[in-house]
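Okay, here's what each chain looks like letter by letter:
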Amino acid sequence: MARTIQVIQQEMFDAIAADENLTELNSSSKTAIYRLFVFVVAFSIWILETLFDTHKKEVEDIIEQKFPHRPSWYRSKALAFQYGFNLIADSDKYNNNGFTVEQIENSKIIKYSAVTQNGGQLLVKIASENAGVLAPITPTQKEAFEAYIKEIADCGVKYIVVNNLPDILLLNMQIFRDPLVLDDTGMSRSNGNKPVEDAILEYMKELPFNGELVLAHLVDKLQLVEGVKIPHIVIAESRVIDLSISDYGSPQPITVKTVPESGYFTVPNFDNVSYVV
């Protein structure tokens, strides 16, 4: 792990102080030329160590993704799916000869994926994007994706492709506000925006795909909003797609935390967020 610039500098200053040939380098001024040289060298070393950390992480990710039979391998293959392209015979790779970079990138319609074990089968959760918003792929695209997974999956591996509409997050909240900062609708008196709603949406964007929603973490996020004294979640519920009726099921309470069944959430409105003094 990369050391901080301060740690690197201090090691260099300690070495200078211990060298009897450098006793004249003892100025405490921040603008002393030798101190500026030490900073430049320390900063360069920090950049190099940070690059080493980045490279190590990239190599570890590549190794992790190339292990067959593991969920991470299936996830990397889901993201590599190219709609409308044929696989090379008896392989899990595409022949992209003759296609432009733009055509290849446009064919990669799976933008998000998470693969987890559920009993004796894999849950392959996927999502695309529509105008920058997470969304399921179309039935036609899903048919092609399932044929692709069937072709590359190990024999005997059971899996379910989850390509659902987002889980709906329903929040009933009381926001104890500072009336000098927020009005009774939650609007900022100085900026004209609704910072609580913005913070909730920002928290949802920060959640990784198939990430765990933790109510306490959402409260922590709201606690930092200017004008919010106490954010209180009265009740949090979610609605997920019920495949038996091809529609959303009834709301289910969220007590502490939950992972969205579709892999992601949407917040339809803030009708049940009230602002009190």
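Quick caveat: nothing in here was measured; it's all calculated off a predicted structure.

(A) Structural context of the side chain of S107. Relative to the helices and strands, S107 is located in helix α4 (residues 101–107). Among the polar contacts made by the side chain of S107, one reaches the main-chain carbonyl oxygen of I104 at a distance of 2.6 Å. Non-local contacts of S107, meaning those with residues more than four positions away in its chain, are made with F81, Q82, Y83 and F85.

(B) Representation of the side chain of Q82. Looking at the secondary structure, you find Q82 in the loop between α3 (71–79) and α4. Under the relative-accessibility criterion, Q82 is labelled buried at 3%.

(C) Representation of the packing of aromatic side chains in the model. Enumeration over the complete set of coordinates arrives at 12 aromatic pairs. When the ring of F81 is compared with that of Y148, the centres are 5.1 Å apart and the planes differ by 50°; the resulting orientation is tilted. Of the two residues, F81 is situated in the loop between α3 and α4 and Y148 in helix α5 (residues 139–152); the sequence distance between them amounts to 67 residues. Residue classification places F81 among the buried positions, given a relative accessible area of 2%. Through pairs of rings, three or more aromatic residues link up here, namely F81, F85, Y94, F99, F145 and Y148. Over the aromatic face of F13 sits the side chain of R35, whose NZ or CZ is 4.4 Å from the ring centroid.

(D) Structural context of the pairing of strand β13 (residues 273–276). Side-chain alternation along β13 places V273 and Y275 on a buried face and S274 and V276 on a face that remains uncovered. The pairing of strand β5 (residues 167–177) with β13 spans 4 bridges and is classified as parallel. Opposite I175, over in β13, you have Y275 as the bridge partner.

Criteria and thresholds
- Residues numbered from 1 in each chain as written.
- Predicted model: local features only at pLDDT ≥ 70, side-chain atom pairs only at ≥ 80, totals over all residues.
- Heavy atoms only, no water.
- Helix = DSSP H or I, 4+ residues; strand = E, 2+ residues; numbered from the N terminus.
- Polar contact = N/O pair within 3.5 Å; in protein donor to acceptor, adjacent residues only side chain to side chain.
- Contact = heavy atoms within 4.5 Å.
- Buried < 20%, exposed > 50% of the residue type's maximum accessible area, 1.4 Å probe, protein only.
- Phe/Tyr/Trp six-rings, centres within 6.5 Å; stacked < 30°, edge-to-face > 60°.
- Lys NZ or Arg CZ within 6 Å of the ring centre and 35° of its normal.
- Pairing = 2+ DSSP bridges.

Geometry only, nothing functional implied.
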